[in-house]
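These are the residues of each chain, in order.
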Amino acid sequence: MSPLVWVVLLAAPLLLYLIYRYLRAQFWVLASTDTTSPANPFKSYARGRKGLPIELDQKKRDKVIKMSFSLDSVPASLDAIVIGSGIGGLSVAAILAKAGKKVLVLEQHDQAGGCCHTFIDKGFEFDVGIHYVGEMAEGTLCRVLVDQLCDSGVEWQECDSVYDTVVFGMGGANQREFPIPAGRGKLVESLVNRFPQEDKAIRKFFDILKRLRRSTLTMALLKMLPRWCSNLVISSGLLAWTNPDMAYYQTSLTQVLDDIFTDTELKAVLAYSFGDYGTVPKDASFGMQAALTNHFTYGGYYPIGGASEIAFNIIPTIEAAGGRVLVRAKVNQILMDEGKAVGVSVKQGHTVYDIMAPLIISDAGLYNTVELLPPASGLESALTHVRHGVGLMSVFIGLDGSPEELELRAGHVWAFRDSDLNAITAEYVSTPLEDIATAKVPLMFLSFPSTKDPTYSQRFPGKSTVAIVTIAPYEWFQEWENERVLRRGDEYIGIKTALANQMWEQAVELFPKLEGRKVYMDVGTPLSNIHYLGTPRGEVYGVDHNTTRFSLQAMSDLRPQTSVPGLYLTGQDVFMCGFIGAIFGGVLAASTILKRNLTGDLTSLSRVVKREAAKNKKE
């Protein structure tokens, strides 16, 4: 044989090996899960803080969740910096910490946790964002993940079996109530009893929801495959052929409901929870609504001790690997070197601190992240798929009297003036500023935190709380945005107070026993969300969850790995909104950074947990 043939024969194994290594590196998400690998952050179940009592000493809690920034408190030799301490930021930091990485989390507010933080005022405690979470039963994938991040330090209280009640004709003589019970079978039975003429349509609808449970994995896969591969799968039509249900993500909620049902009120009952992501049914992705409905199929859960327990128990996981979570640390710039993200700039007063790390992970949201980068960074292209989400108005009410005395519900109430959800929302958000103080609020969510937390009455005896939330466009309050917090003037205070009083009066119409029991009220507008959460326009759910955001191309492009080397995204804008949506945004980000299928690792661990639970129950 010629020398050339010998060279080819000898080189072939090496070439094949190099091709194998390249493909393995590119398609790590498809690799089988090795549950015993040292690289697996979820190789064993974390039980270190399980059963420990809730820490009631506020000073001790503040040392964890309110550790202020100073240059001396920044660890040396960082592996990563996370911008923002929402659950998307804390989750990716904790996972990387479990993989041995030293991570610094920087939070612009004075308390870590984002929407998972609580505040105490005048002897009342309120959660700002966590009202209930689905799929938190022992052994579920979501519960196993939260336990891993919190070292099993957070216990969850199951909500009432009727976890939601939908009310139409709010406070009127023709008021109708529709209970939403936990359990797929119970809900189907309840709906069929109320709408017997829609029996077949109801069953068809829930069959579609069941099929769509698999679609979230497809969405995650599009975000973790190499970008060129995802684009090829999309452009070739292969995905549409192998998983036609993905088309539901590009179809509006209203369109799907109109195609299946004829009863207007039934459509509204099936769309009532659009407030959990803020996009009206005519614009909302049906895939988003399906994911939400599936998430709460078996009811809701509430963190015992309040939402701040989540951050309080995650931060020690980050610190165990040498990391830190620091507050009052507003990042005003992502530092670049030859096109690569290499650090962040933190400004305090007139002093600027540059902190360097090889990885920068933003939980600040897509819009904010673009603003932190120099012009023409390349990340701006992702904005073509999205628009700003909706602003929210929150009213926090403190009541004189225990939940038992006031006969408060353990479930939640979604109250609407009428069942035409698109029309009443459009009419309300177009109300002129001068009329909003006296306009009837057509849609409200009411939650009673003091009824859901079994420790609340022990910690705050004789007191109860109500949280009321509605949609509030940023434009209503925009003229006061540049004014200082608590210095926005009498007109601003008058408008927001009048609107809050209107919401409270309508709540009392629904619950007459609350009349005369209000002793405390605090009001949050979209401007409050900008200040405390750092959102651009007071949106709480990140970028809007419309059909454009859930196009196949947007699914691929809104991914953890950005076009800027060294910069990654986490949180709601990477996956979808809400506590679980944001936390899995963190899982996707950590998976991409570690190049490991962490969802597969979690699934394997969840199976182990379920087997152990079944064995213990049998014994």
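Above this text is the structure in question.
Computed from a predicted structure; not experimentally measured.

## Here's the deal with the sheet that holds strand S8 (residues 176-181)
Link 1 in the chain: One open sheet holds the seven strands; their spatial order is S8-S7-S16-S17-S18-S15-S19, and the pairing between them is mixed. In this open sheet, the two edge strands, each paired with only one partner strand, are S8 and strand S19 (518-524). Within this sheet the neighbouring strands show an average axis-to-axis angle of 20°, counted without direction.
Link 2 in the chain: Here strand S15 (residues 392-400) pairs with strand S18 (residues 463-471) via nine bridges, running antiparallel. Paired with Ile397 across the two strands is Val466, which belongs to S18.

## Focus: the pattern of salt bridges
Link 1 in the chain: Inspection of the entire model under this criterion finds 28 salt bridges.
Link 2 in the chain: A salt bridge links Arg184 to Asp207; the nearest nitrogen and oxygen atoms lie 3.2 Å apart. Note that Arg184 is positioned in helix H5 (residues 184-194) and Asp207 in helix H6 (residues 199-212), a separation of 23 residues in sequence.
Link 3 in the chain: In this structure Arg184 comes out as partly exposed when scored by relative accessible area, which is 25%.
Link 4 in the chain: One salt-bridge network, held together by shared partners, links Lys50, Glu138, Arg143, Asp147 and Glu155.

## Some words on the environment of Asn422
Link 1 in the chain: Relative to the helices and strands, Asn422 resides in helix H16 (residues 421-429).
Link 2 in the chain: By relative accessible area, Asn422 is classed as buried at 18%.
Link 3 in the chain: Separated by 139 residues in the primary sequence, Asn422 and Asp283 have C-alpha atoms spaced 9.2 Å apart.
Link 4 in the chain: In this structure, Asn422 is in contact with Thr254, Val280, Pro281 and Lys282, ignoring residues within four places of it in sequence.
Link 5 in the chain: A polar contact of 2.9 Å, which involves the side chain of Asn422, links it to the backbone nitrogen of Lys282.

## Some remarks on the packing of helix H7 (residues 215-224) against helix H22 (residues 578-594)
Link 1 in the chain: Viewed as axis vectors pointing N to C, H7 and H22 meet at an angle of 40°, and their least axial separation amounts to 11 Å. Remark: the crossing between H7 and H22 carries right-handed chirality. Facing Ala220, Lys223 and Met224 of H7, the residues of H22 in contact are Leu588, Ser591 and Thr592.
Link 2 in the chain: The residue inventory of the contact of H7 with H22, partitioned by class, reads three nonpolar, two polar and one charged.

## What to know about the side chain of Asn243
Link 1 in the chain: Looking at the secondary structure, you find Asn243 in the loop between helix H9 (238-242) and helix H10 (253-260).
Link 2 in the chain: When its relative accessible area of 14% is taken as the criterion, Asn243 is described as buried.
Link 3 in the chain: When neighbours within four sequence positions are excluded, Asn243 is seen to be in contact with Ser215 and Thr218.

## Considerations on the state of the cysteines
Link 1 in the chain: Evaluated as defined, the whole model comprises zero disulfides.
Link 2 in the chain: We note that Cys150 lacks a disulfide partner, and the nearest cysteine sulfur, in Cys116, lies 9.1 Å from it.

## Quick word on the sheet that holds strand S9 (residues 300-303)
Link 1 in the chain: Across the sheet, which stays open at both edges, the three strands sit in the order S5-S9-S6 with antiparallel pairing between neighbours. The open sheet terminates on both sides in strands that have one partner only, identified here as strand S5 (133-134) and strand S6 (156-158).
Link 2 in the chain: Where S6 lies against S9, three bridges are found, and the strand directions are antiparallel. Bridge pairing in S9 places Glu158 opposite Tyr301.

## Some remarks on the nonpolar core
Link 1 in the chain: Formed by 194 residues in total, the largest nonpolar core has its most connected members in Leu106, Phe286, Ile355, Phe416, Leu446 and Phe579.
Link 2 in the chain: Of the residues forming this core, the biggest block, 10 residues, is contributed by H22.
Link 3 in the chain: Leaving out residues up to four positions away in the same chain, Phe416 has contacts with Val166, Val167, Phe168, Gly169, Met170, Tyr272, Phe274, Leu421, Ile424, Pro442 and Leu443.
Link 4 in the chain: In terms of nonpolar packing, the next biggest core, distinct from the first, is built from seven residues, Tyr456, Phe460, Ala467 and Tyr520 among them.

## Notes on the pairing of strand S2 (residues 103-106)
Regular strands place their side chains on alternate faces of the sheet.
Link 1 in the chain: Burial of the side chains of S2 extends over both faces: Val103 and Val105 are buried on one face and Leu104 and Leu106 on the other.
Link 2 in the chain: Note: strand S1 (residues 80-83) against S2, four bridges, orientation parallel. From the neighbouring strand, Val82 faces S2, where its bridge partner is Val105.
Link 3 in the chain: Viewed along the sheet, the connection from S1 through helix H3 (residues 87-98) into S2 turns out right-handed.
Link 4 in the chain: Bridge count for S2 against strand S10 (residues 324-326) is three bridges, and the pairing is parallel. The residue of S10 that forms the bridge with Leu104 is Arg324.

Quick notes on the rules
- Residues numbered from 1 in each chain as written.
- Predicted model: local features only at pLDDT ≥ 70, side-chain atom pairs only at ≥ 80, totals over all residues.
- Heavy atoms only, no water.
- Pairing = 2+ DSSP bridges.
- Helix = DSSP H or I, 4+ residues; strand = E, 2+ residues; numbered from the N terminus.
- Axes fitted to C-alpha atoms, helices over the stretch in contact; angles between N-to-C directions.
- Salt bridge = Lys/Arg side-chain N within 4 Å of Asp/Glu carboxyl O.
- Buried < 20%, exposed > 50% of the residue type's maximum accessible area, 1.4 Å probe, protein only.
- Contact = heavy atoms within 4.5 Å.
- Polar contact = N/O pair within 3.5 Å; in protein donor to acceptor, adjacent residues only side chain to side chain.
- Left-handed = near helix turned anticlockwise from the far one by under 90°.
- Nonpolar A, V, L, I, M, F, W, Y, C, P; charged D, E, K, R; others polar.
- Disulfide = S-S within 2.5 Å.
- Core = buried A, V, L, I, M, F, W, Y, C linked by side-chain atoms within 4.5 Å.
- Right-handed = clockwise from strand over helix to strand, strands pointing away.

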